[in-house]
Amino acid sequence: MVDNLNAWLDSALQTLLFIAGAPLLAGWIKRLKCHLQNRAAPSLFQPYRDLVKLFAKDVVLAEHASWLFRAAPYIVFGAMVLSAAVVPLVAVPLPASAIADVIVLAGFFALARFFQALAGMDIGTAFGGMGASREMTVASLAEPAMLMAVFTLTMTASTTNLSIAIRHILAAGLVLRPSFLFALLSLAMVTVAETGHIPVDNPATHLELTMLHEAMVLEYSARHLALMEWASMIKLMIYAVLISNIFLPWGIASRFTVAAITVGTLAVTAKLALLSVLLALWETVLAKMRLFRVPQFLGFAFLLALLGVLTHVILETAV
Amino acid sequence: MHLSALNLYGQGILVSAALVLFTSFVMLAQTRIQPLIYAFAWQGALLSVTTALVALVSGHSHLYISALLTFGLKALLIPWMLYRMARRLHIQREVETVSHPSLIMLAGAVLVVFCYYVALPVAQLSTLVTRNTIAVSMATVLLGMLLMITRRAAVAQVIGFMSIENGLFFAAVASTYGMPMIVELGVAFDVLVAAVLFGIFFFQIRASIDSLDIDRLNRLSEKAE
């Protein structure tokens, strides 16, 4: 019983670390991008300052805003916190992932997206509706690709429980799996599309024609905006942690000892830092594509994920 | 054979085989001529890596010669010849319009499933390390055919044809550790001669119909319609 309680306590601490670390990751990526693009970089802790500033401000609500508009930030943030609780960050044993597997994780993302789109349309401005429609278009193409990529993992580990799957991959040691190569590429492309990064979206521009994510949260202010921004940072962190802990699980703690958790924290920090370098490079090298090219981009991601599943069946199972 | 029963080199064979299949899909998706030629060159290079790894794992040293031959011809010489022809015909930046691109990709995925189904009994009889890649090599052949069917530009069709040949070579390596050396040498030089002949054909087609769009070969009359 005490053991069980300890595991839950550790799990809650890990989730808190996840939520607290998300702005740091966003700040690090922003800093890297600034350095690569010859701009003066903001401090690593700038996202925290922005959040604190927003939480201190007074809320300005549109005249026609309904309860939905006010409730959406809490629902979106809550869904992201729950999904963060399911993903192993520094240690594999996670009692929460026995309750909610990867398919539920995709469900949390869909729930958050649904309420975000509703809130975007609630005010009745043109931007909100346009942003919501674009977000749903991208999501409807990205979600099957993400699920397919995740199925590659679950077929290899024969479970949809993330904790057990990662432990299975850790136990197998270094195995070159062609299916994982495709799933990795596909998940990276989905990450870029889902978290609003460059070839698909550029949240930094505030330009009407290019807005996807930003158009939906345009009417939000103060703590509502802070929650929305924080939720999207957590989402980016979830995808980055999924990629680094599924495909390169080495270093993650498998027991709750101080030494193991220290190693796990260092390992995941290093992996996320390296992954961010790749993302920043990718965002600097590529230009944003036209909105009508996005289905092609995500279609290719889906094809990669499908190839991952097919090569798993063809090449990796016993004949 | 299960993946964990293989050593790292054996797993390397599977990874490079999967990448050969991936380049086939890249060629199917690529509508510009120059990147198409690059993708074809990458397929040749990956094929030679696969062959060299098979040689290493199985101990058949004549496969090293095949790997070298593949690399020299299919990754360097033929792509270079195609590239030079494209330059001389001023088509290297041309973009072909392909109807229903995502439908074609899905058709490619269906072909892979079909090949798996067809190759399953063959793989069950085989005892080689490479038996799982037989389906992949067949899929490379069929994807090359799909490329030829869906394209109208003569250069893309030639690349589809060459990629079919890549698939056949791959099938020989995967199912019987390669053909006899004399056959392999003969096929290699046939392919080289074919590449030279195709080059002459390009110029002939261009001289007679003033385009490389082979759909226009279907018209009989010389009058402009």
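Quantities reported herein were computed from a predicted structural model and do not represent experimental measurements.

1. A few points about the overall build of chain B
Here comes step 1: When helices and strands are counted, chain B shows 7 helices and 0 strands.
Here comes step 2: When its helices and strands are written in sequence order, chain B yields α-α-α-α-α-α-α.
Here comes step 3: Expected size for 225 residues packed as a compact globule is a radius of gyration near 17 Å; at 18 Å, chain B falls within 12% of this value.
Here comes step 4: Overall, the C-alpha framework of chain B stretches about 65 × 35 × 25 Å when taken along its three principal axes.
Here comes step 5: Residues counted as buried form 46% of the 225 residues belonging to chain B.
Here comes step 6: Considering only residue pairs separated by 6 or more positions, chain B has 73% of its internal contacts joining residues 24 or more positions apart.

2. Things to note about the overall build of chain A
Here comes step 1: Broken down by element type, chain A carries 12 helices and 0 strands.
Here comes step 2: Tracing chain A from N to C terminus, the helices and strands come up as α-α-α-α-α-α-α-α-α-α-α-α.
Here comes step 3: The C-alpha atoms of chain A give a radius of gyration of 20 Å, which matches the 20 Å a tight globule of 319 residues would have.
Here comes step 4: Dimensions of chain A, computed from the C-alpha atoms along their principal axes, are close to 60 × 45 × 40 Å.
Here comes step 5: A burial count over chain A gives 47% of its 319 residues as buried.

3. Brief notes about the interface of chain B and chain A
Here comes step 1: With 27 residues of chain B in contact, the opposing surface of chain A contributes 19 residues.
Here comes step 2: Breaking the side of chain B that touches chain A down by element, the ones donating at least two residues are helix H1 (8–29), helix H4 (101–125) and helix H5 (134–150) of chain B.
Here comes step 3: By residue class, the composition of the side of chain B that touches chain A is 18 nonpolar, 8 polar and 1 charged.

4. A few points about the nonpolar core
Here comes step 1: The biggest cluster of nonpolar side chains holds 166 residues, and the ones touching the most others in it are Ala145(A), Met237(A), Ala305(A), Ala18(B), Ala135(B) and Val155(B).
Here comes step 2: When residues in this core are grouped by element, the largest group, 17 residues, is from helix H10 (residues 222–247) of chain A.
Here comes step 3: Those residues within four positions of Ala18(B) in sequence are excluded, and the remaining contacts are Pro178(A), Leu181(A), Thr311(A), Leu315(A) and Val136(B).

5. Considering the confidence of the model for chain B
Here comes step 1: Across chain B, pLDDT averages 85, with 95% of residues at or above 70.
Here comes step 2: Interface confidence for the predicted complex, expressed as ipTM, amounts to 0.81; the pTM equals 0.86.

6. Concerning the packing of helix H8 (residues 178–194) of chain A against H10(A)
Residue and element names in this part refer to chain A.
Here comes step 1: In contact at an axis separation of 10 Å, H8 and H10 are set at 170° when each is read in the N-to-C sense. Taken together, the axes of H8 and H10 are roughly antiparallel relative to one another. Across from Phe180, Leu184, Leu187, Ala188, Thr191 and Glu194 in H8, the residues of H10 making contact are Tyr239, Leu242, Ile243 and Phe247.
Here comes step 2: Across the contact of H8 with H10, the residue classes break down as 8 nonpolar, 1 polar and 1 charged.

Conventions adopted
- Residues numbered from 1 in each chain as written.
- Chains lettered and ligands numbered in written order.
- Predicted model: local features only at pLDDT ≥ 70, side-chain atom pairs only at ≥ 80, totals over all residues.
- Helix = DSSP H or I, 4+ residues; strand = E, 2+ residues; numbered from the N terminus.
- Rg over C-alpha atoms; globule rule 2.2 N^0.38 Å.
- Buried ≥ 20, exposed ≤ 12 C-beta atoms within 10 Å, placed from the backbone.
- Contact = placed C-beta atoms within 7 Å.
- Nonpolar A, V, L, I, M, F, W, Y, C, P; charged D, E, K, R; others polar.
- Core = buried A, V, L, I, M, F, W, Y, C linked by C-beta atoms within 7 Å.
- pLDDT = per-residue confidence, 0-100.
- Axes fitted to C-alpha atoms, helices over the stretch in contact; angles between N-to-C directions.
- Parallel < 35°, antiparallel > 145°, perpendicular 65-115°, else oblique.

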